Structures are given as structure tokens and as C-alpha cells.
Amino acid sequence: GSSYRFQDLEATWGPVWEELGVFTPKDDGTAERRYVLDMFPYPSGDLHMGHAEAFAMGDVVSRYWRQLGYDVLHPIGWDSFGLPAENAAIKRNAHPSEWTYANIETQAASFKRYAISADWSRRLHTSDPGYYRWTQWLFTRFHEKGLAYRKDHPVNWCPKDQTVLANEQVVAGACERCGTPVTKKSLNQWYFRITEYADRLLDDMDQLKGHWPERVLAMQRNWIGRSEGAHVDFAVEATDESPSRAVTVFTTRPDTLYGATFFVVAADADLAGELVTADRRAGLEAYQEQVKALSEIERQSTEREKTGVFLGRYAINPLNGERLPVWAADYVLAEYGTGAIMAVPAHDQRDLDFAKTFGLPVRMVVDTGEEDPAVSGTATVGEGTLVNSGELSGLGKDEAIARAIEIVEAAGTGRHTVNFRLRDWLLSRQRFWGTPIPIVHCADCGEVPVPDDQLPVTLPENLRGEALAPQGTSPLAAAEDWVNTTCPSCGGAAKRDTDTMDTFVDSSWYFLRFVSPEYTEGPFDPAAAARWMPVGQYVGGVEHAILHLLYSRFFTKVIHDLGLIPFSEPFSALLNQGQVLNGGKAMSKSLGNGVDLGEQLDKYGVDAVRLTMIFASPPEDDVDWADVSPSGSAKFLARAWRLAGDVTSAPGADPAAGDVALRRVTHRTVADAAELLDASKFNVVVAKTMELVNATRKAIDSGPGAGDPAVREAVEAVAVILSLFAPYTAEDMWAQLGHGPSVANAGWPTVDPSLLVQDTVVAVVQVRGKVRDRLDVPADITEDALRELALASEPVQRALEGRGLRTVIVRAPKLVNIVPE
Ligand code: ANZ
Ligand code: ZN
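Reading guide: rules and limits
Residues numbered from 1 in each chain as written. Chains lettered and ligands numbered in written order. Predicted model: local features only at pLDDT ≥ 70, side-chain atom pairs only at ≥ 80, totals over all residues. Heavy atoms only, no water. Helix = DSSP H or I, 4+ residues; strand = E, 2+ residues; numbered from the N terminus. Buried < 20%, exposed > 50% of the residue type's maximum accessible area, 1.4 Å probe, protein only. Contact = heavy atoms within 4.5 Å. Areas by Shrake-Rupley, 256 points an atom, 1.4 Å probe, with all protein chains shown as cover. Pairing = 2+ DSSP bridges. Salt bridge = Lys/Arg side-chain N within 4 Å of Asp/Glu carboxyl O. Donors = N, O, S within 2.8 Å, 3.2 Å for Na, K, Ca; no water. Tetrahedral: all angles 85-135°; square planar, octahedral: opposite > 155°, others 65-115°. Expected span 1.5 Å × (residues − 1). Phe/Tyr/Trp six-rings, centres within 6.5 Å; stacked < 30°, edge-to-face > 60°. Lys NZ or Arg CZ within 6 Å of the ring centre and 35° of its normal. Core = buried A, V, L, I, M, F, W, Y, C linked by side-chain atoms within 4.5 Å. Near = heavy atom within 4 Å. Polar contact = N/O pair within 3.5 Å; in protein donor to acceptor, adjacent residues only side chain to side chain. Nonpolar A, V, L, I, M, F, W, Y, C, P; charged D, E, K, R; others polar. Axes fitted to C-alpha atoms, helices over the stretch in contact; angles between N-to-C directions. UniProt positions renumbered as here; feature names shortened; annotations may be inferred. Parallel < 35°, antiparallel > 145°, perpendicular 65-115°, else oblique.

**Student:** Let's hear about the overall build of the protein chain: which residues, and what values?
**Tutor:** Within the protein chain one finds 27 helices and 34 strands. Across its three principal axes, the protein chain shows a C-alpha extent of roughly 105 × 80 × 50 Å. Looking at the 821 residues of the protein chain, the share that counts as buried comes to 54%. At a minimum sequence separation of 6, the contacts of the protein chain that also span at least 24 residues come to 72%. Accessible surface computed for the protein chain: about 34000 Å², of which carbon and sulfur atoms make up 49%.

Here you go:
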């Protein structure tokens, strides 16, 4: 027929692809392997517009690489543990697995309709015992290496969800999920010792530069927060009640030691209570109550008036012997550095604000040429010359930092140090729907890992509905049959650990499982991992810029150190797609501006929605659905599709006999498209393809006509390029052109470089003033290229008779004069 009906195309080709299984990699070494991965979805309801965008992007890369002839691994799976399933189960008196697996089936069907070129045979779900067995196995390896440990710790606690939250899950002092203000609670929790990898996580980012978005690298760098500086010991004077003791501070500015005018310890650190004099203890305790109610963010806010209490004691500056009053304040954090600072108000704004509030002295020690901070009220932080600083006076800032460290090191009162902002990863959760922690607690043996051959420790199936409601302890604690067990070590009565793992643990290694999802000897087949990894292109949202990516990098390094893989970075390249907005705002229930993906697909077809996502903007920019035109995309696709029906030359017709003007457009488009795809400028590829479609239509209607082999060549190129964006349309075009399925494996068209030359001119080549050759060259040829061509010419070589060159004068594009020796 001659009318484009996307419904017919989807109905025709979906089952054919399913039958063909074209997206399973060969993995036989006949072609170079490449791994494309989209951040796997969480099964909350059906797919939404955000999925549609992200997966359209990843699919462009996957399909493009396949056309280039690579053996492409493009798997799909689900990140299927997590709280929403549990909350749904409580509400519906069901088991979380019911909601989870029902949603997975819905999403899987939508992904198939959306024609993602995924290898469905590798599908995995992190909530399957066959998967989490290996999450537990990895936990056990971490535990053996001392990288998984427990400690009592004040943790972020959401009073509504009744669960512990990682720092990262606290947004502006509130629970990321429900918005309830977060409080602190002391609990015995499991941690991964990610801080041990801080240096490597930072240093290895060099490998990612240029291949990951710079802003993601910047966010990771900032999260790791490496600060170089010094630990300096201050002696705190004895009082009648207590002896003298040393307190160490962390400072990045030891050059400013002479500018320290007071000393501050974190109000909530044990140290504050240890230092305070008896008469001031009640005051400190009242202050501590006040501080407890604040979040870290609020505490560090520069907007808030500074608060604090004097502890009644003095610290001695090791450089000049000055007595500094010791205060407790909330702007110093117990968790960072040593929890104590020397305050230098002239050169640190927080200290200056505090000094002003409490009338403490301000002494400038670095002259930056700006106004004295004591007068201006603005601390100066830049380069300058040291003043009022004894032996440091006259030095520049960096020299003074080095010199101050030498001095304290020589005196034994300090040392160079590197401090990290990164904290260990709190991984235990007091919830049900997650990977159980494979540890048994025995009164005699302590913490005993469940032996590998007894994994997985599976979740009990009889807990459902209300039994899962948050109580502050894990719901697993109520499953007595499950909890009570025997100690793997002594055989005595023991109890299982009742916490489950943060779902970020599950997603920190799934990319490895995909290389051998059925493997039963370990989490993955090391040989398969070495063949496929690292991931050549990872695609996902910038909301994962820190946690998921940092955790995955950490896991990869540990697994590398276990000797299981030869690489230590999981993702060689990263693409962050933008968001899909509606009316300039993120889609949300409260704004009522949500766009239903299913409705869009029903209305415009899969291909038009995919093409619109791609065409709207560069991949990393947001797409505003209110500004785009899926119906425009559908019209373009119909126009491209009609070209295929018009072609009358036979398959295999030699394009060399065809119209040169059209051939030039075709070859230029293919060459440009490849370059643009390599640079992830997918939207421009669509624009170029539109031009090629127009040129082809013109050639058919008012040029050489539908029978010209150049027309066939052009339409075949359109079909192959469109296969990256609009697979149904492309497949149908391919069939109309007389080829069998699938266009996905057609191969990227070969470009004839001679057809890329647009304007040519004749360049005259002389040897000693005598014309020896005339060359057709591009008008914009470079001097170097022209020189090469001239020297390679047969007649020129003959005229040179093997002599060397004295001079070669090149006047691009028209003349080359060669003077031999
Ligand atoms: C004296 C000084 C003088 C400082 C100066 C800065 C400027 P980054 O770069 O973020 O690592 N600091 C140390 N521990 C702290 C804590 N627990 N809570 C709040 N502030 C703390 O910051 C290091 C600087 O932050 C340290 O260097 C210390 O103040 C402060 F002109 O020491 B500085
Ligand atoms: Zn035991």
C-alpha cells in the first residue's frame, strides 16, 4: 500500500524481530566486542517519558555500533528491590514480589513495543535469589577483607519511613523520599569501607576525563572532597579539675597559624563534653540540645547567625605560645577532620562571622592587597604575603604553608595530612524488600558469615502486608522461624542478621552479571567479563552522578583487587541524557503536567516518539514535550517511507552508473552522520537525514527519476540511518527495497571519499618550473595535503629521477613547484 500506518508496521515487524532474536551477541570473537548499557530501570508502574528518552539514546549507540560491524552487548534487566514495592505491599496486603514482578512484565512488554535492541536472553532482576545470592557472596568477600564492618553510629533517621537514610538520601535536611525532617538516632549499622578507596576513586578519574561529562567528574571529585593540609596539635591548659591534654585540629591553611585567635570544637563531639569546665557544663548541654534539632546543611549555612558557648578553657598555639579561648559551636562538624579547628577570622568567613558575634579579635596575617577583614567584615582568602607571622613573615602563601608544616613537624606538634570528605557507605536498612545480609550472630563466635555453599539466604515468603510496616527494627526480626538458626561455625543456636542491604549494593555490580547471567560458579564468568568489560557506553540520568556511579566504581575496584577482573573502572564513557519536561517544568503529579508515554505511542507511534526524543535537542539537554512535534516527526517518517515504495531499480543495481549530484549528497550525509554519531550529536544526524530525504524526493520527481540507481543508493542509506531512530519504519523500507530482515544488520554504508569532494580545482605541479602534472583537488585542500599529493604523482616521481628535494613551494590549492637537489 502507499499510506504510512505505524500501527501496521509495529504489528508486522515486532513478531519478526522476536523470532529472529537479532540482538543476541555472537560472542565468538569474529568481530570486536562492544558493550552498551542503559542504567537499568526500577519497576515502578509502566515506562514513562524519561525511560523513553534515555532508552532511545542508548539504543542509537547500540544500533549504530551494530551497523559498524561490532559484536554488541546491549542487555536489559531490573533493579527490583526497594521501598516502593514494600509500601505497595503494605497497602494491598500483598507480598512485595507480586507488585514488583507484575510491573516488570508490564515494562518488559513496553520495552519490546518500544523496539529496544536488547538481548532479552540476558534479562535479570536483582530481587531474584539467583541474583542476590551473588550480591551476598560479594558482601562476604568484602567482609573477609574488612571492607564490610559494623559500628554504632548516630545515623540519619526518617521518623515516617522508620528507616535509616544515607547522607545522600537526606535532601535539605529532609527524607529524599517523603520530605519528613530527618533526625539522628544511634544504631548498630553495617558499613562498606569506601574511604579506603578514596585516593583511587579520585586518581582513576584521569582515565575518564574527556569520556565522562565534566560536571559528573566535578561532582564526584567534590563528593570525595580531598583536602591537603596539616594536623596541628594544640595543648589545652589544665584546670583545677582536669589535666592538660592535646587536641589536634585539621587545617588546610597552616600558613595562618599566627592569625588564630580562638579555638572551636564541634558542639556535638564527645570532645566538647570532655573539655568543658564544671561551671559551664549545663550551658553546653543546653546548647547541645538546640544543635541536635538541626541538619548538617542548616549547620553549615552561612545565612544563619553563628551560635556557640565558651568552654572555660584555653588552647596554646604551638607556634607562638598564644592562649586561645576554646569554644563549642555547631558550625564545626564532629564528622569532618578531627572535629576541632583553630579559628582564623581574618581568612575564613565562618570564623569571622563567629568572631563578630562574640567580640573575638581578628588578626590579618596574609596581606592580599584587599582591605583588612577586621574593618571590611569580609575574610580574605587569596594569594598574598605573610605579615605579623614571625618566621613566616614575608613568605608567599604556598611557601608559608610548606614552611609552617616543616616547623610543626620538626617540633613534633603537627604533620602534613590529607583529609577526605567521603564517609564510609552505610549499607544496612531496616526494611524487608532487599538482599538479606548473609551474617549469623552467635553468642560464642560473634559475627559469622553464612558459608558460600549455603547462599542465598532467601527472604521468607510468609511475610506480607501489615507485617512489613515500618517499626524501627527490620520486619525480618518478626519472622522467628527465619531468624533462629544454627551457627555455621559452632553449630549452636544463633540468629540471622535481620537487616537488608541498600539497593545501591544491588546496582553496584549488575553490569558484571550481564556478561554471564546464568553463571553458577560465581557472580560472573571472569573470562566473559574480560571479553566484554568495561562498558563502552553507559547511558543514564545525571541524578546518578554521585552515588550509583561512585559505588559502582568502588565495587569494580574491590572486585579487581579480588583478582576477578583485569580492569578497575566499569564505564569507559558516560552519556547523561536530559530530562523530559512539559511546559518547561519536570512532569509531576502535583503540577498535573504528566504526559503518558502509552498514550503518546498510541497516538503517534513508537518511531515518531523515539525520533522526536532524539531530534528535539542534543542528548544531554532537556526536552520540553510542549515544544516538540511528534506529528511532525510522523510526517517526516511517512515521507522517508514513501521513497522506498518509489524505487524501481533492482536490488544490487550499481550506483556508480547513477546521478552524481545525488550520490554526493548521500555520501556526504553518511560521512557526516558517522562523525556526528561518534560525537553523540544525534539530533543533527536527524536533521541531515531530513535533507537527504528531500534531495532524494527531488531526484525522483524532477531529476533523474525513480529508476536511477543513485536513488536506490540514497534510500538504502536513509533506511540504515533511520534504523537507529525509527526501527519499524526503517525495517519496512528495507523490505520494500527488496532486502530481508533485519535492517539492524545491514551494515553502515561505505563512503566513497571521491564523492565527498565538493568543489574541485586544478592544481598545477611543476618540477624546476616545468609543468609535470595537473591534479583535481578540493578547493579547500590544505598545504600539507597538496604537497603530499604532488610528491606522490607518477610523472613528478619520474621527473625527480630519485633525487632529493631542495625546496617545495606550495600555493594551495593551485600550484606546487618542486626544486630537486
Ligand atoms: C584554619 C584556617 C584558616 C582554615 C583559613 C581555613 C582558612 P576543606 O577545604 O573543606 O577541607 N575545618 C576543619 N575541620 C572542620 C570541621 N570539622 N568543621 C568545620 N570546619 C572545619 O576545609 C578545611 C578547613 O575547614 C580547615 O582549614 C578548617 O579551617 C575548617 F584562613 O583551618 B581551616
Ligand atoms: Zn558459633
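**Student:** Any details on the pairing of strand β24 (residues 493–496)? Residues and values, ideally.
**Tutor:** Here three bridges tie strand β21 (residues 439–442) to β24, and the two strands are oriented antiparallel to one another. When the sheet's bridge partners are listed, Val440 is paired in β24 with Arg496. Relative to β24, strand β23 (residues 484–486) runs antiparallel, the two being bridged by three bridges. Looking at β24, one finds that Thr485 is bridged to Ala494. Counting the residues between successive antiparallel strands, the hairpin from β23 to β24 contains six residues, one of them, Gly491, with a positive phi of roughly 80°.

**Student:** Any chance you could break down the pattern of salt bridges for me, citing the residues and the numbers?
**Tutor:** Taken as a whole, this structure holds 40 salt bridges when the rule is applied. Of the charged contacts, one joins Arg226 and Asp199 as a salt bridge, the two residues approaching to 3.7 Å between their closest N and O atoms. Note that Arg226 is positioned in strand β10 (residues 226–236) and Asp199 in helix α6 (residues 198–203), a separation of 27 residues in sequence. Taking relative accessible area as the criterion, Asp199 reaches 37% and is therefore assigned partly exposed. Residues joined by salt bridges that share partners form a network here, namely Asp204, Arg553, Lys557 and Glu569.

**Student:** Please set out the coordination of the zinc ion (ligand 2) residue by residue, giving values where relevant.
**Tutor:** Every protein donor of the zinc ion (ligand 2) is listed here as Cys442 (SG), Cys445 (SG), Cys487 (SG) and Cys490 (SG), and their distances to the metal cover 2.2 to 2.4 Å. Taken together, the four donor atoms surrounding the zinc ion (ligand 2) define angles of 105 to 114° at the centre, an arrangement classified as tetrahedral.

**Student:** Describe helix α1 (residues 6–20), with residues and values.
**Tutor:** Between its terminal C-alpha atoms α1 stretches 21 Å, which fits the 21 Å expected from 15 residues at 1.5 Å a residue. Every buried residue of α1 is accounted for by Phe6, Leu9, Glu10, Trp13 and Trp17. Among the residues trailing α1, Gly21 stands out with phi positive, at a value near 55°.

**Student:** Give me the packing of aromatic side chains: which residues, what numbers.
**Tutor:** In the structure shown here, the tally under the stated rule is 41 aromatic pairs. Pairing Trp425 with Phe554 gives two aromatic rings, centres 6.4 Å apart and planes at 65°, and the pair type is edge-to-face. With a gap of 129 residues between them, Trp425 in strand β19 (residues 425–426) and Phe554 in helix α18 (residues 547–561) connect regions that are remote in the sequence. You'll find Trp425 and Phe554 in the same group, each marked buried. Judged by centre distance (6.4 Å) and plane angle (20°), the rings of Phe432 and Trp433 are stacked. Just as Phe432 is buried, Trp433 falls in that class too. Aromatic ring contacts, followed pair by pair, group Phe139, Phe142, Trp190, Phe192, Tyr197, Trp425, Phe504, Tyr551, Phe554 and Phe555 into a single cluster. The ring of Tyr149 carries the charged tip of Arg193 above its face, separated from the ring centre by 4.0 Å. We note Arg496 situated over the ring of Trp482; from NZ or CZ to the ring centre the distance is 5.7 Å.

**Student:** Describe in detail the nonpolar core, supporting the description with residues and values.
**Tutor:** Ranked by size, the top nonpolar core spans 88 residues in total, and within it Tyr35, Phe192, Trp425, Leu512, Phe554 and Phe555 carry the most contacts. Those residues in contact with Phe192 that lie beyond four places of it in its chain are Phe139, Phe142, Leu147, Ala148, Tyr149, Asp424, Trp425, Leu427, Val505, Phe554 and Phe555. Residues Trp17, Val623, Ile700 and Ala717 belong to the second largest nonpolar core, which totals 85 residues.

**Student:** Can you tell me about the environment of Arg464, naming the residues and giving the values?
**Tutor:** Position of Arg464 relative to the elements: it lies in the loop between β22 (446–449) and α14 (480–483). Judged by its relative accessible area of 34%, Arg464 falls in the partly exposed class. Each C-alpha atom, one on Arg464 and one on Gly173, is 31 Å from the other, the two residues being 291 residues apart in sequence. Setting aside anything within four residues of it in sequence, one finds Arg464 in contact with Asn93, Ala94, His95 and Glu98.

**Student:** Please give an account of the site of ligand 1 that cites residues and values.
**Tutor:** With respect to spatial proximity, 17 residues lie near ligand 1, and among them Ser227, Thr251, Leu333, Tyr336 and His347 are the closest. In the environment of ligand 1, an oxygen atom lies 2.5 Å from a nitrogen or oxygen atom belonging to the side chain of Ser227. Measuring from an oxygen atom of ligand 1, one finds a side-chain N or O atom of Arg421 at 3.1 Å. Coverage of ligand 1 by the protein chains reaches 88% of its 640 Å² of free accessible surface. Counting residues per element, the ones that place at least two in the shell around ligand 1 are β11 (245–251) and β15 (340–343). In the shell around ligand 1, the residues fall into eight nonpolar, five polar and four charged.

**Student:** Tell me what's going on with the sheet that holds β23, and back it up with residues and numbers.
**Tutor:** Sheet architecture is open: four strands sit in the order β22-β21-β24-β23, paired in antiparallel fashion. Bordering the open sheet on either side are β22 and β23, each of which pairs with just one other strand. Neighbour-to-neighbour, the strand axes of the sheet open up by a mean angle of 45°, direction not taken into account.

**Student:** Quick one: what's the story with the UniProt feature "short sequence motif: 'HIGH' region" (unreviewed entry) in the protein chain, residue by residue and with numbers?
**Tutor:** In the numbering used here, UniProt assigns the "short sequence motif: 'HIGH' region" (unreviewed entry) feature to residues 41–51. Along residues 41–51 the backbone is 27% helical and 0% strand, and the end-to-end C-alpha distance reaches 8 Å.

**Student:** Go over unusual backbone geometry with me, naming the residues and quoting the values.
**Tutor:** Both trends apply: most residues other than glycine have a negative phi, and most peptide bonds are in trans. Cis peptide bonds are those with omega within 30 degrees of zero, and the linkage from Leu455 to Pro456 qualifies with 5°. Mapped onto the elements, Pro456 comes out in the loop between β22 and α14. Cis geometry is found at the peptide bond from Pro741 to Ser742, where omega equals 10°. Mapped onto the secondary structure, Ser742 falls in the loop between α25 (727–736) and β31 (760–767). Backbone geometry at Asn388 places phi at a positive 50°, although glycine is not the residue there. Relative to the helices and strands, Asn388 resides in the loop between β17 (385–386) and α13 (397–411). The backbone of Ser680 sits at a positive phi, close to 55°, despite the residue not being glycine. Inspection of the secondary structure puts Ser680 in the loop between α22 (660–678) and α23 (682–702).

**Student:** Explain the sheet that holds strand β27 (residues 574–577) to me, using residue names and the numbers behind them.
**Tutor:** The sheet built from four strands is open, its strands ordered β2-β1-β26-β27 with parallel pairing. Strands at the two margins of the open sheet, each flanked by one partner only, are β2 (71–73) and β27. Taken pair by pair, the neighbouring strands of this sheet meet at an average axis angle of 20°, ignoring direction. Taken together, the three bridges between strand β1 (residues 33–38) and strand β26 (residues 537–541) define a ladder with parallel strand orientation. Of the residues in β26, the one forming a bridge with Asp38 is Val539.

**Student:** For the packing of α22 against α23, give the residues involved together with the corresponding values.
**Tutor:** Contact pair α22 / α23: the axes reach a minimum separation of 9 Å and the direction vectors enclose 170°. Accordingly, the angle class assigned to the pair α22 and α23 is roughly antiparallel. Contact residues: Leu662, Val665, Thr666, Thr669, Asp672, Ala673, Leu676 and Leu677 in α22; Phe682, Val684, Val685, Lys688, Thr689, Leu692, Ala695, Thr696 and Ala699 in α23. Looking at the contact of α22 with α23 residue by residue, the class counts come to 11 nonpolar, four polar and two charged.

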